[in-house]
Amino acid sequence: MSSSPSLDTERERLGLHADCASCFGLCCVALAFTRSSDFPIDKDAGEPCRNLRPDHRCGVHPELRERGFVGCTVYDCFGAGQKISRVAFAGQDWREHPEVRSSMFALLPVLRHVHELLWYLTEAVALVAGRDGADAGESSPDPALTADLRAAVDRVERLSLGTPRDLLAQDLDALRSGVNPLLLRASEGARARSRHQPRGRRADHRGADLVGKRLARADLRGASLRGALLVGADLRGADLRSADLVGADLRGTDLRGADLTDALFLTQAQVDAARGDTTTRLPDGLEHPGHWTVATADPASEPRPRPRGDHPRRATRPRR
């Protein structure tokens, strides 16, 4: 989906962009690492990463990918880290206030999930408004859904500002179950109105296991890939315009030459986790990662690399 000034402003208001300078390095401490293609070491939750400096900055940040910390380069807290550090715990540094360590660290995955839902809800509001229609003064094609989505934004925002105790007691499955039907309705309406709408029925790969799947040049316009496992999949030259990619696992997915113009609910973290090149087309507001390559030939005609074998499949995945 194209980013618009109103969408960017709303996400800025809600504090959904990570600000590492205002965070106490929580993702470098609270989260566990497992030695894999994403991390070169094992690290327990609550144990500071060996690269974390006393000022809460990463000592090898410019070299994370080269040193094997690929997982760090694709993690996005959606602004949860600074809200925990500066709002929920009022600037109490876990190093200076060890009594807050356990609750502060436990709160990060919870508030990150809440902020991620806010990220999707704000995009859904823009989708239902006809993307740029709200800026042009046009009425929403579905005012009832718009009202429901805005009410959900307000409700989830209030939750995000709750006390650590209230947030830690939150039933995230119930929260997600209440939000997902609204996101799905927004997605279905946007894909039905899309100028990229294909003839016939749109492909439905919701929650599908497509690990390593050969999908080069596939017509996936308007497809549902919600929560799909696309780890190491071959999507070279595929047409993903207006496809719904909420929660899709794109680690190592080959997107060279693929067209993701106006893809729905695609995040920068998903893009960063994938492989691509200068011919990969992305929605406005998303950037080509620095590790992507310069196109030298038709990517779909090149020999296909074997997917890395140590990408774990998720044992249980809620349907999105």
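Basis of the calculations
Residues numbered from 1 in each chain as written. Predicted model: local features only at pLDDT ≥ 70, side-chain atom pairs only at ≥ 80, totals over all residues. Heavy atoms only, no water. Helix = DSSP H or I, 4+ residues; strand = E, 2+ residues; numbered from the N terminus. Areas by Shrake-Rupley, 256 points an atom, 1.4 Å probe, with all protein chains shown as cover. pLDDT = per-residue confidence, 0-100. Contact = heavy atoms within 4.5 Å. Expected span 1.5 Å × (residues − 1). Bend = angle between axes of the 7 residues up to and from the residue. Core = buried A, V, L, I, M, F, W, Y, C linked by side-chain atoms within 4.5 Å. Buried < 20%, exposed > 50% of the residue type's maximum accessible area, 1.4 Å probe, protein only. Phe/Tyr/Trp six-rings, centres within 6.5 Å; stacked < 30°, edge-to-face > 60°. Lys NZ or Arg CZ within 6 Å of the ring centre and 35° of its normal. Lys, Arg positive; Asp, Glu negative; His and termini not counted. Salt bridge = Lys/Arg side-chain N within 4 Å of Asp/Glu carboxyl O. Polar contact = N/O pair within 3.5 Å; in protein donor to acceptor, adjacent residues only side chain to side chain. Axes fitted to C-alpha atoms, helices over the stretch in contact; angles between N-to-C directions. Parallel < 35°, antiparallel > 145°, perpendicular 65-115°, else oblique. Left-handed = near helix turned anticlockwise from the far one by under 90°. Nonpolar A, V, L, I, M, F, W, Y, C, P; charged D, E, K, R; others polar.

Caption draft 1: Highlighting the overall build of the chain. On a plain count of helices and strands, the chain comes out with 8 helices and 0 strands. Counting from the amino terminus, helix and strand elements in the chain follow one another as α-α-α-α-α-α-α-α. Accessible area for the chain stands at about 15100 Å²; split by element, carbon and sulfur atoms hold 50% of it.

Caption draft 2: Layout of the confidence of the model for the chain. Across the chain, the average pLDDT comes to 90, with 88% of residues at 70 or higher. By mean pLDDT, the top-scoring element of the chain is helix H3 (residues 80-88) (98), and the lowest-scoring one is helix H1 (residues 5-13) (92). The model gives residues 132-137 a pLDDT under 50, and that stretch makes 6 contacts with residues more than four places away or in other chains.

Caption draft 3: Summary view of helix H4 (residues 101-128). Counted at 1.5 Å a residue, the expected span for H4 with its 28 residues is 40 Å, and the 41 Å between its end C-alpha atoms agrees. Within H4, the axis deviates most sharply at Leu108, by approximately 35 degrees, and proline Pro109 lies no more than four positions further along.

Caption draft 4: Representation of the nonpolar core in the model. Counting residues in each nonpolar core, the largest one holds 55 residues, and the members touching the most others are Leu26, Ile84, Trp94, Met104, Leu121, Leu149 and Phe265. For this core, the secondary structure elements donating two or more residues are H3, H4, helix H5 (143-160) and helix H7 (172-193). Here this core takes 16 residues from H4, the largest share from any one element. When sequence neighbours within four positions are dropped, the list of residues in contact with Ile84 reads Leu26, Phe89, Met104, Leu107, Leu108 and Leu111. Core analysis: the next-biggest nonpolar cluster, separate from the first, contains 27 residues, Leu225, Ala243, Leu250 and Leu266 among them.

Caption draft 5: Up close: the packing of aromatic side chains. Throughout the structure, instances matching the rule amount to 4 aromatic pairs. When the centroid spacing of 5.7 Å and the interplanar angle of 90 degrees are considered together, the rings of Tyr120 and Phe265 count as edge-to-face. Of the two residues, Tyr120 sits in helix H4 while Phe265 sits in the loop between H7 and helix H8 (268-273), which places them 145 residues apart along the sequence. Judged by its relative accessible area of 3%, Tyr120 falls in the buried class. Relative accessible area serves as the criterion here: at 0%, Phe265 is assigned to the buried category. The ring of Trp119 has Arg11 sitting right over it, with the charged end atom 3.7 Å from the ring centre. Just above the ring of Phe33 sits the side chain of Lys43; from NZ or CZ to the centre is 5.1 Å.

Caption draft 6: A look at unusual backbone geometry. The phi dihedral of His56 falls on the positive side, at around 70 degrees, and the residue is not glycine. Structurally, His56 can be placed in the loop between H1 and helix H2 (70-73). On the accessibility criterion, His56 (9% relative accessible area) is buried.

Caption draft 7: A look at the side chain of Asp76. Mapped onto the elements, Asp76 comes out in the loop between H2 and H3. No salt bridge is formed by the buried Asp76. Its closest oppositely charged neighbour is Arg112, at 6.4 Å. Among the polar contacts made by the side chain of Asp76, one reaches the main-chain amide nitrogen of Phe78 at a distance of 2.8 Å.

Caption draft 8: Just the packing of H4 against H7, in detail. Between H4 and H7, the shortest axis-to-axis distance is 9 Å and the interhelical angle comes to 25 degrees. Here H4 lies roughly parallel to H7, going by the angle between them. With respect to the hand of their crossing, H4 and H7 are arranged in left-handed fashion. Residues Val110, His113, Val114, Leu117, Tyr120, Leu121, Ala124, Leu127 and Val128 of H4 lie in contact with H7, whose contacting residues are Leu172, Leu175, Arg176, Val179, Leu183, Ala186, Ala190 and Arg193. For the contact of H4 with H7, the class distribution of residues is 14 nonpolar, 1 polar and 2 charged.

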